[in-house]
Amino acid sequence: MTTALRFPDGFRWGTATAAYQIEGAASEDGRTPSIWDTFSRLPGKVRNGDTGDVAADHYHRMSEDVALMKDLGVTDYRFSVAWPRVQPTGRGPALQKGLDFYRRLADELRNAGIRPVATLYHWDLPQELEDQGGWPRRETAERFAQYAALVADGLGDRVATWTTLNEPWCTAFLGYASGVHAPGRTEPAAALRAAHHLNLAHGLAVDALRAALPRGSEVSLTLNLHAVRALTESAADRDAARRVDALGNRIFLDPVFHGRLPEDLVADTAGLTDWSFVRDGDLAATSRPVDSLGINYYSPTVVAAGRHEGPSPWPGAEPHVRFEPAPGPRTAMDWPVDANGLHELLTRLRDELPGVPLVITENGAAYDDYADPEGDVHDPERVAYLRQHLTAVHRAVAEGADVRGYFLWSLLDNFEWAYGYGKRFGIVHVDFASQRRTPKDSARWYAGVIARNGLAD
Ligand code: IFM
């Protein structure tokens, strides 16, 4: 067996999931509704009226799912903790039954030789906190830090690797600006407040985690950074790209890694807010040192000077920016396949954040997979997508990017938010009627990559 592209020794190979997308058991053991339980019941918000009530029933099939990962040979598994399972109202003491589920999961993983990697927030805010104002309200950041401390107390003896937030851009801008995600609000100024309070929540949680976790634990944040490209080299198109870079990337990178707000962002959004919700000391709080940065990447973003009509997740950019379809093949999400965007991001971060280790915490693709009459699921497009993206990661590593690991999104077909169960990202097929799991061809392919720590010819 030859290995054409070998990754560094100790490279971490994982799969990723999120609580609301796979667990189900939405009202079991004291779990209360999150904003996604509420949102998915609003007519027309989620395709086909799908909800996460049952999802992939992982809450009851956790051992089976860990066994699937053991067969793959993954070194790490990234899951998220459901806030409303562990602290149902978003305040007060932890619910032991909720914590126990994640303690059992961590034990099962460790017994299988897999390192548990916990994300504290993957979009399932307790509904009660949204009713009190949600992420645009400052107190939600404080509540999050308290929740982080509870989970760290409960799991810190068996989980050493932690992520505060998953993709705060989506929380702020899909949740509060375009409204295509829960809670479905279309309030651009509130979305900018939410972005700041998410940065604050992250920083306060870093402190809470460091105080509660054993020394040597790793703490990070995951961003869905945008590989932004101007359609042409014209000054107007390049300015559109600058605006989107500020709202998509630097709005998080600058407060978290440099303790500042991007000046151009503040100027661009002056018609919406004066940013006076940023209080003295906040930017010191947002920039607590982290041990690594998680990056989620799927496809690039092409922009030109122009106008966006209708609700948009880019507050203030609407009159100046038009989004252009990128050329090339597309996934079932209609997202362009372009691995160069991942290489661009990794080499940018190598230059801009020297000394910060990088981890790809999500990458993968949805295709219209189905089980054939023999029960097999052939997904050659996904294998091609993964191969291209891993080749791009390898190239960035060879060029000096300090990438420590790769988590494939996703282990299982699952609830793909506003798309419901219609979009399949898993390397394991789930028949949602029977909950039968079938590893796809891509699962076998990924197992080979892990076994040889690299890509074969
Ligand atoms: O399914 C999502 C995940 O929850 C967050 N990152 C992107 C994935 C694909 O859309």
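Residues numbered from 1 in each chain as written. Predicted model: local features only at pLDDT ≥ 70, side-chain atom pairs only at ≥ 80, totals over all residues. Heavy atoms only, no water.

S.K.: Got a minute to help me understand the overall build of the chain in this structure?
M.R.: Secondary structure summary: the chain contains 15 helices and 15 strands in total. Seen through its C-alpha atoms, the chain measures out along the principal axes to roughly 60 × 50 × 45 Å. Going through the 457 residues of the chain one by one, you find that 62% of them count as buried. Of the contacts formed within the chain by residues at least 6 apart in sequence, a portion of 77% connects residues at least 24 apart. Per element, the accessible surface of the chain, about 16,500 Å² overall, is 51% carbon and sulfur. In the chain, 48 positive and 62 negative side-chain charges are present, and the distance between their average locations comes to 2 Å. (Helix = DSSP H or I, 4+ residues; strand = E, 2+ residues; numbered from the N terminus. Buried < 20%, exposed > 50% of the residue type's maximum accessible area, 1.4 Å probe, protein only. Contact = heavy atoms within 4.5 Å. Areas by Shrake-Rupley, 256 points an atom, 1.4 Å probe, with all protein chains shown as cover. Lys, Arg positive; Asp, Glu negative; His and termini not counted. Charge placed at Lys NZ, Arg CZ, Asp CG, Glu CD.)

S.K.: How do you make sense of the site of the ligand when you look at a structure like this?
M.R.: Around the ligand sit Gln21, His122, Trp123, Asn166, Glu167, Tyr298, Trp335, Glu362, Trp409, Glu416, Trp417 and Phe425, and those are all the residues in its vicinity. Side-chain polar atom of Trp417 to an oxygen atom of the ligand: 2.8 Å apart, as the coordinates give it. Relative to its free-state accessible area of 290 Å², the ligand is covered by the protein chains to the extent of 95%. Each residue belonging to the shell around the ligand can be placed in one class, and the counts come to six nonpolar, three polar and three charged. (Near = heavy atom within 4 Å. Polar contact = N/O pair within 3.5 Å; in protein donor to acceptor, adjacent residues only side chain to side chain. Nonpolar A, V, L, I, M, F, W, Y, C, P; charged D, E, K, R; others polar.)

S.K.: Would you take a moment to explain the packing of helix H5 (residues 96-111) against helix H7 (residues 138-155) for this structure?
M.R.: Helix-helix packing: each pair is described by the crossing angle between the helix axes and the interaxial distance. The N-to-C vectors of H5 and H7 enclose an angle of 50°; their axes lie 10 Å apart at closest approach. Considered as vectors, H5 and H7 are oriented oblique to each other. Crossing hand, H5 versus H7: right-handed. Taken together, the residues of H7 that come into contact with H5 (itself represented by Leu99, Tyr102 and Arg103) are Leu150, Val151, Gly154 and Leu155. Taken together, the residues of the contact of H5 with H7 break down into five nonpolar, one polar and one charged. (Axes fitted to C-alpha atoms, helices over the stretch in contact; angles between N-to-C directions. Parallel < 35°, antiparallel > 145°, perpendicular 65-115°, else oblique. Left-handed = near helix turned anticlockwise from the far one by under 90°.)

S.K.: Would you take a moment to explain the pairing of strand E9 (residues 301-305) for this structure?
M.R.: Regular strands have side chains that alternate between both faces of the sheet. A large share of E9 lies buried, amounting to four of its five residues. As defined by bridge partners, strand E7 (residues 228-230) adjoins E9 across three bridges and the pair is classed as parallel. Following the sheet pairing, Arg229 is matched in E9 by Val302. With four bridges joining them, E9 and strand E10 (residues 321-324) adopt antiparallel strand pairing. Residue pairing across strands places Ala304 opposite Arg322, the latter belonging to E10. (Pairing = 2+ DSSP bridges.)

S.K.: In this structure, what is going on with the sheet that holds E7? I would like to understand it.
M.R.: Two orientations exist for strands paired in a sheet by backbone hydrogen bonds: parallel and antiparallel. With mixed pairing, the three strands of this open sheet are ordered in space as E7-E9-E10. The open sheet is flanked by E7 and E10, the only strands paired with a single partner. Averaged over all pairs of adjacent strands, the angle between their axes in this sheet comes to 40°, without regard to strand direction.

S.K.: Where do I start with the pattern of salt bridges in this structure?
M.R.: The full count for this structure, using the stated rule, is 47 salt bridges. In this structure, Glu218 and Arg12 form a salt bridge, with 3.4 Å as the shortest nitrogen-oxygen distance. Of the two residues, Glu218 sits in strand E6 (residues 218-223) while Arg12 sits in strand E2 (residues 12-16), which places them 206 residues apart along the sequence. Looking at Glu218, the relative accessible area reads 28%, which means it is partly exposed. (Salt bridge = Lys/Arg side-chain N within 4 Å of Asp/Glu carboxyl O.)

S.K.: Mind showing me how you'd approach the side chain of Ser292 here?
M.R.: Tracing the chain through its elements places Ser292 in strand E8 (residues 292-296). Discounting residues that sit within four places of it in the chain, Ser292 has contacts with Val219, Ser220, Leu221, Val356, Pro357 and Val359.

S.K.: Before we go on, may I ask you to explain the side chain of Asp369 in this structure?
M.R.: Note that Asp369 resides in the loop between strand E11 (358-362) and helix H14 (380-398). The exposure class assigned to Asp369 is buried, which follows from its relative accessible area of 8%.

S.K.: So what exactly am I meant to see when it comes to the nonpolar core here?
M.R.: The nonpolar side chains of soluble globular proteins are, as a tendency, buried together. Ranked by internal contacts, the top residues of the largest apolar core, which has 148 residues, are Phe173 and Leu293. For this core, the leading source of residues is helix H9 (residues 188-212), giving 11 residues. Sequence-distant contacts of Phe173, that is, excluding residues within four places in its chain, are made with Ser178, Gly179, Ala191, Leu192, Ala195, Leu247, Ile251, Phe252, Pro313 and Pro315. (Core = buried A, V, L, I, M, F, W, Y, C linked by side-chain atoms within 4.5 Å.)

S.K.: Help me understand the packing of H14 against helix H15 (residues 441-452) in this model?
M.R.: Between H14 and H15, the least distance of the axes is 9 Å, while the angle of their chain directions is 25°. Classified by the angle their axes make, H14 and H15 are roughly parallel. In this structure, H14 meets H15 at a crossing whose hand is right-handed. Side by side, H14 and H15 meet where Arg382, Val383, Leu386, Arg387 and Leu390 of the first sit next to Ser442, Trp445 and Val449 of the second. When grouped by side-chain class, the residues that make up the contact of H14 with H15 number five nonpolar, one polar and two charged.

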